[in-house]
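Reading the structure
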Amino acid sequence: GDALVFSLAQEGEGSGLRVKVGDGPSLRIVRLRITDDGQALVYITEDGNGVQVNVPAEVLDRGDLQQIVRLAESSGIMPANLRDEILLLGYEYLTSKGGAGKRVIDPVVHFHLSSGASLHALHWCADDSEDALAESLGVMASFVYEGLETEAKNASAYLGQGHTRIASVARPA
């Protein structure tokens, strides 16, 4: 098979963990994980292609696979085993109230809720840009507007009593 070369680029838009397969171009990796049995590496590149690489025993013995995972984490690719904890932190932040306990602390969330939207879902690894990773670990929220009558009720409940409509899919397990 072709040789795989993983590298950590640190400048410009091409920053992050990159992979070069054989003589092909170097591509940025956006998702990476080790399979449950620890025998293969699965990654998705910036062009949307997914690859599974079965790892030879000698590579496992040298610890190369764990080194790739450490490179991925240092480049901002979140380990899948932290998904639930990060989504819970995001949920707690988005629903945290300040002041008199009626208004959420995040101004963007406040805007949507005061406009009558409901918090619909939290999305893991939705934005892997450097800014998004620094600001929210790549988690994004989606809001749903359900028509004027429902929006008016939601806005009134939020602005008057601090009640927030949250879809069950937005609540982490």
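Everything in this summary refers to the structure shown in the same document. (Residues numbered from 1 in each chain as written. Predicted model: local features only at pLDDT ≥ 70, side-chain atom pairs only at ≥ 80, totals over all residues. Heavy atoms only, no water.)

Turning next to helix 4 (residues 107–114). Structural remark: α-helix, 3.6 residues per turn; residues separated by three or four positions point the same way. V109, H110, H112 and L113 are the residues of helix 4 that are buried. The buried residues of helix 4 occupy one face: seen down the axis, they fall within an arc of 165°. Seen from the open side of helix 4, the exposed residues pointing more than 90 degrees away from its buried face are P107, V108 and F111. Packing partners of the buried residues in helix 4 comprise helix 3 (83–94), strand 7 (103–104), strand 8 (118–123), strand 9 (140–144) and helix 6 (148–161). (Buried < 20%, exposed > 50% of the residue type's maximum accessible area, 1.4 Å probe, protein only. Helix = DSSP H or I, 4+ residues; strand = E, 2+ residues; numbered from the N terminus. Arc of directions from axis to C-beta. Contact = heavy atoms within 4.5 Å.)

With 16 residues, the main nonpolar core has F6, L17, I29, L32, L41, Y43 and I77 as its most contacted residues. For this core, the elements supplying multiple residues, two or more each, are strand 2 (16–21), strand 3 (26–34), strand 4 (40–45) and helix 2 (64–74). In terms of residue count, the dominant contributor to this core is helix 2 (5 residues). I77 has contacts with L17, I29, V30, R31, L32 and A72, leaving out every residue within four places of it along the chain. (Core = buried A, V, L, I, M, F, W, Y, C linked by side-chain atoms within 4.5 Å.)

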